Structures are given as structure tokens and as C-alpha cells.
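# Chain and residue survey
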Amino acid sequence: MVDFEYYNPAKIIFGRNAIGKLGSLLTEFGAKKILLVYSGEFIKMLGIYDAVKKAAKENGIAFYENGNVVPNPSIELVRELVKEGKENGVDFVLAVGGGSSIDTAKAVALGIPYDGDVWDFFEKSINPERVLNIGVISTLPASGSENSNAAILSNKEWKLGFEDNRIIPRFAIMNPEYTLGLPKFQTAAGVADIISHLLERYFSDVKNTDVTDYMIEGAVKAAIVNGRRLNNDPSDYNARAEIQWLATIAHNNLLDTGRIGDWGSHRIEHELSGQYGVTHGEGMAIVFPAWIRYTAKVKPWKLAQLSVRTFGADTFNNTEEENALFLADVLEKFFRELGLRTRLNELNIDERHFEEMAERATRNGAVGHYIALDKKVFVEILRNAI
């Protein structure tokens, strides 16, 4: 186990009546002028929009809004919201939705107090002097951004991340009832996204990490069990609650403690969604089996451990490589069971842009920690995913 420092100040309010705490939370964190960031009209159908307006009115808080967030959020909207926020003196950003809305809110919270272009944080990794407070009302369990220190933003074909503890939301309101009406595809992509966050952390070269190893293994099992429950019965409140909480647990950095995760697969998928607009969770359902099949040939031990402990692979008759390949087969079969595509050709994606995608991803050197992905390996894994 490696040395670590763990910090996560986010307050979680979970359950059917969680939205009732919104007014007191906004006043607790000093909100005077809030910018509500969301996507589409669904928040009005869920009653969230009215609840936010009511909480703002009752507590004397000025209220501004923008409902134009799209998947794989873009720098153009963020710049527009930063400009609006500066003009109106916004001091608090409230996101409603999933990772796209939350990451947009995080970027806006970085940009409003900053004199330069907000893309500087993502492209140059500059250190912010100040960040506005952020709150979240979560409606799409997937990214875990409601409790993480990271944001992902797109700028044309570039899709880059920024990490800083100051963009961890101050609070997250999580009511599983808000997720009951999610379409099957979004539910499935969310489950795949959650599993991908767990696997990225699990595939680590650091030894003596039993605590987090077993926690991640249990979380992977929980994701599969409840993913299947929702596939059979989308109205299962308890399964919705399990998945919503698991999305947070998978990405609040607790499972990073004492270990160094890989994250090479995410870098591959970011190129796919940046180049083609692929939904992130489905992209991970395509990339991870391909990454595992490549890695099984060069460093199978950690993959084989997960395969044996979690999926009952045969440790006596199979080699580590065979058990690692078994893991890829099990995961791909599960993702397909949920209705997700697991091959790039199903999205009509061929290899014509693979070289330039790999060039972008590895411009500062190889990516990934469990195995290093240089340009050549990056392209090979993408080809394996066809």
C-alpha cells in the first residue's frame, strides 16, 4: 500500500425527501445569487425546477438558469455561462442532472472568478485562485461527479479533464425516485460507467491493498446484481437506490486510497467520445473488454485475480492469461445483456482516425499506470475493439 491523503467534504442527502433540505443547504453555503444548470425539461416534470425556485424565493436568493447542457459538455456553453455569471454576480452554481450538467457547473464555477479563458484549466492545468461553491441534485447515476474532484470538458475533438479538490460539490441531493423514469439505454450506460470507474481503480500494480481490493470486488458484484434487477424491472426503487449510491462510492476517491489506478481505458474512450460523440458509458463497454484482452497477454495477474474472486474463474486448470480473457468475456456478455453495444463496428466506426486519436492522447507521453499505452498500443487496442 502506498501513502495517501484522503479528503472529501461533500455532504450527501439521500432519499425520497432529500430535496426538502435544499433551502437550508443553500443558506448554509452562503448562496446569494445562484445559477441553475441543467438539460431539458425533465427537471420540471420531476418537480425539481419548482422546488429550486421555491427554495430560492423563500431564502431571498436571486435565481438564474440555463437548460442547454448536452452530453459530452462543450466549452462553448461553459464560456457563455461564465459570461452570464460574471454579469449577474453569481456566487453559487447548482447542477441538476448527471455528469454533463455537473461537469458544466464545475467548469463554470472555475471560470466565473477567473480573468482568463476557462479552457486554460483543462488545457494547461493551471491552479485556480478561487472557485465558486457548487451544489448538485443528481438524477442520472453514472459519472459520480456529484462527489468527485474531477470535471471533463470537450473542445471540438479535444476532451480533457481537470482535477482539484475545490470543485468537489458542497452537497449532493440524491433521490432515487428521480431516476425511475430513465430510459433503458441511459440506465445501462450508467451501470457500465460505474463498473469502469471501479475497474480503473482495481487494476493497480500496488501490492498489499486487500482493503480496497475486496471493497471494489464487492462493488463490482453489486453493480452487476442491481444492473440485472433494473434490466428486468426498471421500476425497482431499491435497485435504483443501490445504483445511485454505488455511482458515488465508485468515484469519490475512497477506493483510490493506498493504490494507484490505471485510467488508460478512460483516455481511450475520451478520444472516442471526443471524435465521434459516443456516450461515455457505452464507450467504456466497448473499450474495457478490448483493453483487458490486450493486457491479458502482457500483464494478466490483477485481471486474473478479479476474474477468480468475483466471477469464479478456474484457478487450478487455467493460466492467468486464460482467466484474464475469461474476465473480458464475462464483462462483454453482461454489457450486451444490458443492451449496450460492445464493438466499434456496431457504431459504424472504423480505424481511419485511430492514429490521430492516439497522437492526441499520447502527446505528453504514454497513458495508463498498470500498463503504459504508447501510440502503437493505443491504436492496437482500438483495432481490437472493432
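Residues numbered from 1 in each chain as written. Predicted model: local features only at pLDDT ≥ 70, side-chain atom pairs only at ≥ 80, totals over all residues. Heavy atoms only, no water.

All right, on to the packing of aromatic side chains then. If you walk through the whole model with that rule in mind, you get 16 aromatic pairs. Their ring planes at 80° and their centres at 5.8 Å tell us that Phe288 and Trp291 sit as a pair that is edge-to-face. Note that Phe288 and Trp291 are positioned in helix H11 (residues 280-298) at a spacing of 3 residues, about one turn of the helix. The burial state of Phe288 is the same as that of Trp291; both residues are buried. When the centroid spacing of 6.3 Å and the interplanar angle of 50° are considered together, the rings of Trp291 and Tyr370 count as tilted. Taken as a pair, Trp291 in helix H11 and Tyr370 in the loop between helix H14 (354-361) and helix H15 (375-384) lie far apart in primary sequence, 79 residues in all. Across this residue pair, the class does not change: Trp291 and Tyr370 are buried. Grouping aromatic residues by their ring pairs yields a cluster made of Tyr114, Trp119, Phe121, Phe122 and Phe162. Over the aromatic face of Tyr237 sits the side chain of Arg16, whose NZ or CZ is 3.7 Å from the ring centroid. (Phe/Tyr/Trp six-rings, centres within 6.5 Å; stacked < 30°, edge-to-face > 60°. Helix = DSSP H or I, 4+ residues; strand = E, 2+ residues; numbered from the N terminus. Buried < 20%, exposed > 50% of the residue type's maximum accessible area, 1.4 Å probe, protein only. Lys NZ or Arg CZ within 6 Å of the ring centre and 35° of its normal.)

At a closest axis distance of 8 Å, the pairing of helix H12 (residues 301-311) and helix H13 (residues 320-337) adopts a crossing angle of 60°. As far as their axial angle goes, H13 and H12 are oblique. Here H12 runs over H13; the crossing is left-handed. Contacts from Trp301, Leu303, Ala304, Leu306, Ser307, Val308 and Phe311 of H12 reach H13 at Glu320, Asn323, Ala324, Phe326, Leu327, Val330 and Leu331. The residue makeup of the contact of H12 with H13, split by class, is 11 nonpolar, 2 polar and 1 charged. (Axes fitted to C-alpha atoms, helices over the stretch in contact; angles between N-to-C directions. Parallel < 35°, antiparallel > 145°, perpendicular 65-115°, else oblique. Left-handed = near helix turned anticlockwise from the far one by under 90°. Contact = heavy atoms within 4.5 Å. Nonpolar A, V, L, I, M, F, W, Y, C, P; charged D, E, K, R; others polar.)

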